[in-house]
Amino acid sequence: MSAEGLERQTRNYLSNNVPQIQQHGGNFEVRDIDESEGTATVAIGGACSGCGIAPMTMKAIERRLPESVDGLEAVEVVRSGGPRAAVMPSKTDDMEEMDEYEDYSPPF
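This is a predicted model, so every value here is computed, not measured. (Residues numbered from 1 in each chain as written. Predicted model: local features only at pLDDT ≥ 70, side-chain atom pairs only at ≥ 80, totals over all residues. Heavy atoms only, no water.)

Trainee: I keep staring at the pattern of salt bridges and nothing clicks. Help me out?
Mentor: Opposite charge on two side chains permits them to pair, given that their charged atoms come into close proximity. Inspection of every chain in the model, using the stated rule, returns 2 salt bridges. Note that arginine 31 and glutamate 29 form a salt bridge whose closest N and O atoms lie 3.7 Å from each other. Given a relative accessible area of 31%, glutamate 29 falls into the partly exposed group. (Salt bridge = Lys/Arg side-chain N within 4 Å of Asp/Glu carboxyl O. Buried < 20%, exposed > 50% of the residue type's maximum accessible area, 1.4 Å probe, protein only.)

Shown next as structure tokens:
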């Protein structure tokens, strides 16, 4: 599949299966698609940046997106920079390391 097709399917998955990102004032962007490697980089920001469950959402997207989009083998979710940068980056970094978030299974 082409990079454009993978990007479109990735955007569709996030819009349709993780609507709370946008419903709660967050945003996402597909930053990079490598069709030969089957990888994608997705950035989330806005209200997601300061959200307490953002690290769990990031991990869930990294696990579920490759299962749902043919041609994707791996996904990296990062925090947006610039005007969409994290409100609480040090807190979010700490949360990413907490064991409590390893098995979180959000309803998407």
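Here the narrative resumes, following the displayed structure.
Trainee: What am I meant to see in the nonpolar core here?
Mentor: Nonpolar side chains in soluble globular proteins generally cluster together in the buried interior. Within the largest apolar cluster, 20 residues are counted, with the highest numbers of intra-cluster contacts made by Leu14, Ile21, Ile44, Ile61, Leu65, Leu72 and Val75. Of all the secondary-structure elements, those providing two or more residues to this core are helix H1 (3-17), strand E1 (26-34), strand E2 (39-46), helix H3 (54-68) and strand E3 (74-79). At 4 residues, H1 tops the list of elements feeding residues into this core. Beyond its immediate sequence surroundings of up to four residues, leucine 14 is in contact with Pro19, Phe28, Val42 and Ile61. (Core = buried A, V, L, I, M, F, W, Y, C linked by side-chain atoms within 4.5 Å. Helix = DSSP H or I, 4+ residues; strand = E, 2+ residues; numbered from the N terminus. Contact = heavy atoms within 4.5 Å.)

Trainee: Is there a simple way to think about H1 in this case?
Mentor: Structural remark: α-helix, 3.6 residues per turn; residues separated by three or four positions point the same way. Given a rise of 1.5 Å per residue, 15 residues ought to cover 21 Å, and the 21 Å separating the end C-alpha atoms of H1 matches this to within 8%. Those residues of H1 that fall on the buried side of the exposure criterion are Ala3, Gly5, Leu6, Thr10, Tyr13 and Leu14. All buried residues of H1 lie within an arc of 165° about the axis, which places them on one face of the element. For H1, the exposed residues set more than 90 degrees away from the buried face come down to Glu4 and Asn16. The secondary structure elements touched by the buried residues of H1 are E1, E2 and H3. (Expected span 1.5 Å × (residues − 1). Arc of directions from axis to C-beta.)

Trainee: Explanation requested: the pairing of E2 in the structure shown.
Mentor: Burial analysis of E2 places 6 of its 8 residues in the buried class, the great majority of the element. Pairing between E1 and E2: 8 bridges, direction antiparallel. When the bridges of E2 are listed, asparagine 27 appears paired with glycine 45. (Pairing = 2+ DSSP bridges.)

Trainee: Hey, could you run me through the packing of H1 against H3 in this one?
Mentor: Helix-helix packing is characterised by the crossing angle of the two axes and by the distance between the axes. One way to put it is that H1 packs onto H3 with a least axis distance of 11 Å and a crossing angle of 120°. Taken together, the axis directions place H1 and H3 in an arrangement best described as oblique. In the packing of H1 onto H3, the handedness of the crossing is right-handed. In this structure, H1 contributes Thr10, Tyr13 and Leu14 to the contact, and H3 contributes Ile61, Arg64, Leu65 and Ser68. (Axes fitted to C-alpha atoms, helices over the stretch in contact; angles between N-to-C directions. Parallel < 35°, antiparallel > 145°, perpendicular 65-115°, else oblique. Left-handed = near helix turned anticlockwise from the far one by under 90°.)

Trainee: Even after reading the chapter, I still don't get the sheet that holds E2, so can you show me in this structure?
Mentor: Pairing between the strands of a sheet comes from backbone hydrogen bonds, and it takes one of two forms, parallel or antiparallel. Strand order across the open sheet formed by 3 strands is E1-E2-E3, with mixed pairing between neighbours. In this open sheet, the two edge strands, each paired with only one partner strand, are E1 and E3. Mean inter-strand twist for the sheet, computed between neighbouring axes without regard to direction, equals 20°. Inspection of the sheet shows E2 paired to E3 by 6 bridges, in the parallel sense. Directly across from valine 42, in E3, lies its bridge partner valine 77. The strands touched by H1 within the sheet are E1 and E2, with E1 carrying the most contacts at an inclination of about 155°. Packed on one face of the sheet, H3 meets E2 and E3 and runs near 155° to E3.

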